[in-house]
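A closer look at the structure
Each chain, letter by letter, is given below.
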Amino acid sequence: MNGSAWLLYLAVGLLTYFTRVAMLLAGRAANIEGSLRTWLTLLPLSILTLLAVLLLGDTMIAFPSGIPGVAVGLAVVVSASRVRSLPIVVVVLAGIAVAALWFR
Amino acid sequence: MPNATSGSPRSSALIAGVRESGLLALGVFAYAPAVGILSREAGLSAGAVVVMTVAITSGTAQLVALQLLARHEPLWLVLWLTFVVNARHFVMAASLRPHLEKAGLGARLLTGWALSDESYALAFPHVQRQDVDLCGYLWGSAGLVYLAFYGGVLFGWWAAAGIPAWAARMAGLLFPFLLVALIARQVGGRADLWTVGVAGASGAVLVAARLGIEWLAPAVLVANTVATLGLLRWEPRAFSREEEG
């Protein structure tokens, strides 16, 4: 395993850990609605990225594998945390996954 | 706390987390080989698989990263898409944040490590009942779940050549179904039921696509849309669950 691979795994690992711990370290002002706004900001960028990936060629990568995980993860949140707008996010993500398969 | 008998609240919660995550760990061990198999196909050595799995400890993120790496996609794309699929953690952590007011910095850092979809789903009913030390419970649950995940990934890498391709694909699809099964017991209303249905349908679409049943994808999309519009039209309060309680 070369050095760049080590760095890449470390970078992905740190990124993953950051998403897990950031809101736990945030101050009292942090709340789930604010976090939801982050999600909604990411969605358009995610769609644009998906389109870019689609244009690169084979689409059966990344999002078809990742989106169900994200959608189900959000379903966990919806089920447990009683936030009213998250179901809309879930259906958008599911729609993206289905669209990726449709255009495949 | 369920069946807490002795010791500090945190250690009792840790034991409860381990105990209640046993069946979940079995499920995790069932789908984790998909990551190992994909790692083998991507040409990763055993050492590289260990480093990657321990550093990331996220099946979804690893599946995404491995597929992109196998395609020699640029680094920015790998990092960006990994970030996107992990961003759900922001919401999960935010929902736990009010319950960690008394936790110290070290406890929060360790709880961040323990924040997985599976352990979160198990822990949240306890959070709502406030009958358990959240940090201890998550540490215990995630400790066992992650051990099962690491073992499953390594097993998948080791046995990759002997596992049929269809079985490997089905193992990868176990993840959504496992979580759907986990949250099914928490379903408490139409919005919950609908959300679980959408998530389950997404998994079904993937299965159908893998099996070559392409027509099911647009059918499910139409069904989801109709169900959503119908629910919003005739049950506009279904998504306003903050007002239900």
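Every chain is numbered on its own, with residues counted from 1 as its sequence reads. Here every chain gets a letter starting at A, and every ligand a number starting at 1, in the order they are written. In keeping with the predicted nature of the model, local features appear solely for residues at pLDDT of at least 70, side-chain atom pairs appear and are counted solely at 80 or more, and the whole-chain, interface and lining totals rest on all residues. Side-chain metrics rest on all non-hydrogen atoms present in the structure, leaving aside hydrogens and water.

**Details of the overall build of chain A**
What counts, and what does not: A run of H or I in DSSP becomes a helix once it reaches four residues, and a run of E becomes a strand once it reaches two; helices and strands are each numbered from the N terminus. Whether a residue is buried, partly exposed or exposed follows from its accessible area with a 1.4 Å probe, protein chains only, as a fraction of its type maximum: under 20%, in between, or over 50%, in that order. Computed by Shrake-Rupley with a 1.4 Å probe, the accessible areas treat only the displayed protein chains as cover when residues are assessed.
Across its full length, chain A holds four helices and zero strands. Ordering the α and β elements of chain A from the N terminus gives α-α-α-α. Of all 104 residues assigned to chain A, the portion counted as buried reaches 58%. When the accessible surface of chain A is split by element, carbon and sulfur atoms take 70% of a total near 4,200 Å².

**Remarks on the overall build of chain B**
Basically, it comes down to this: Any pair of residues with heavy atoms lying within 4.5 Å of one another is described as a contacting pair.
Broken down by element type, chain B carries 13 helices and zero strands. Written out in order from the N terminus, the α and β elements of chain B read α-α-α-α-α-α-α-α-α-α-α-α-α. In chain B, which comprises 245 residues, the share counted as buried stands at 56%. Looking at chain B alone, contacts between residues at least 24 apart form 73% of all its contacts between residues at least 6 apart.

**Here we look at the packing of aromatic side chains**
Residues and elements named next belong to chain B. Test applied: The criterion for an aromatic pair is that two Phe, Tyr or Trp rings (for Trp, the six-membered ring) have centres within 6.5 Å, with stacked assigned to planes under 30 degrees apart, edge-to-face to planes over 60 apart and tilted to the rest. Put simply, a charge is over a ring when the Lys NZ or the Arg CZ is close to the ring centre, within 6 Å, and near the line of the ring normal, within 35 degrees.
Summed over the entire model, instances satisfying the criterion amount to five aromatic pairs over all chains. Where tryptophan 113 meets tyrosine 146, the ring centres are 4.8 Å apart and the plane angle is 80 degrees; that geometry is what we call edge-to-face. Of the two residues, tryptophan 113 is situated in helix α8 (residues 105–113) and tyrosine 146 in helix α10 (residues 134–158); the sequence distance between them amounts to 33 residues. Take tryptophan 113: its relative accessible area is 30%, and that puts it in the partly exposed class. What makes tyrosine 146 buried here is its relative accessible area of 3%. Taken together, the ring pairs in this structure connect Trp113, Tyr146, Phe149 and Tyr150 into an aromatic cluster. The side chain of arginine 40 reaches across the aromatic face of tryptophan 157, ending 4.0 Å from its centre.

**Thoughts on helix α5 (residues 59–70) of chain B**
All names here are of chain B. Note the following rule: The span one expects for a helix is its residue count, reduced by one, times 1.5 Å.
In this model, α5 (twelve residues) spans 16 Å end to end at C-alpha, consistent with the 16 Å of a helix rising 1.5 Å per residue. For α5, a buried count of ten out of twelve residues is recorded, marking the element as mostly surrounded by other parts of the structure. Inspection of α5 places Gly59, Thr60, Ala61, Gln62, Leu63, Val64, Ala65, Leu66, Gln67 and Leu68 among the buried residues, and these make up the whole buried set. At the C-terminal side of α5, histidine 72 shows a positive phi close to 60 degrees.

**Examining the pattern of salt bridges**
All names here are of chain B. Our working rule: Here, a salt bridge means any Lys or Arg side-chain nitrogen found within 4 Å of an Asp or Glu carboxyl oxygen.
Scanning all chains against the criterion turns up two salt bridges over all chains. A salt bridge links arginine 10 to aspartate 133, with the shortest nitrogen-to-oxygen separation between them at 3.0 Å. Residue arginine 10 is found in helix α1 (residues 9–20), and its partner aspartate 133 is found in the loop between α9 (117–129) and α10; the two are separated by 123 residues along the sequence. A relative accessible area of 30% places arginine 10 in the partly exposed class. We note a salt bridge from arginine 97 to glutamate 101, for which the minimum N-O separation is 3.2 Å. We classify glutamate 101 as partly exposed; its relative accessible area is 34%.

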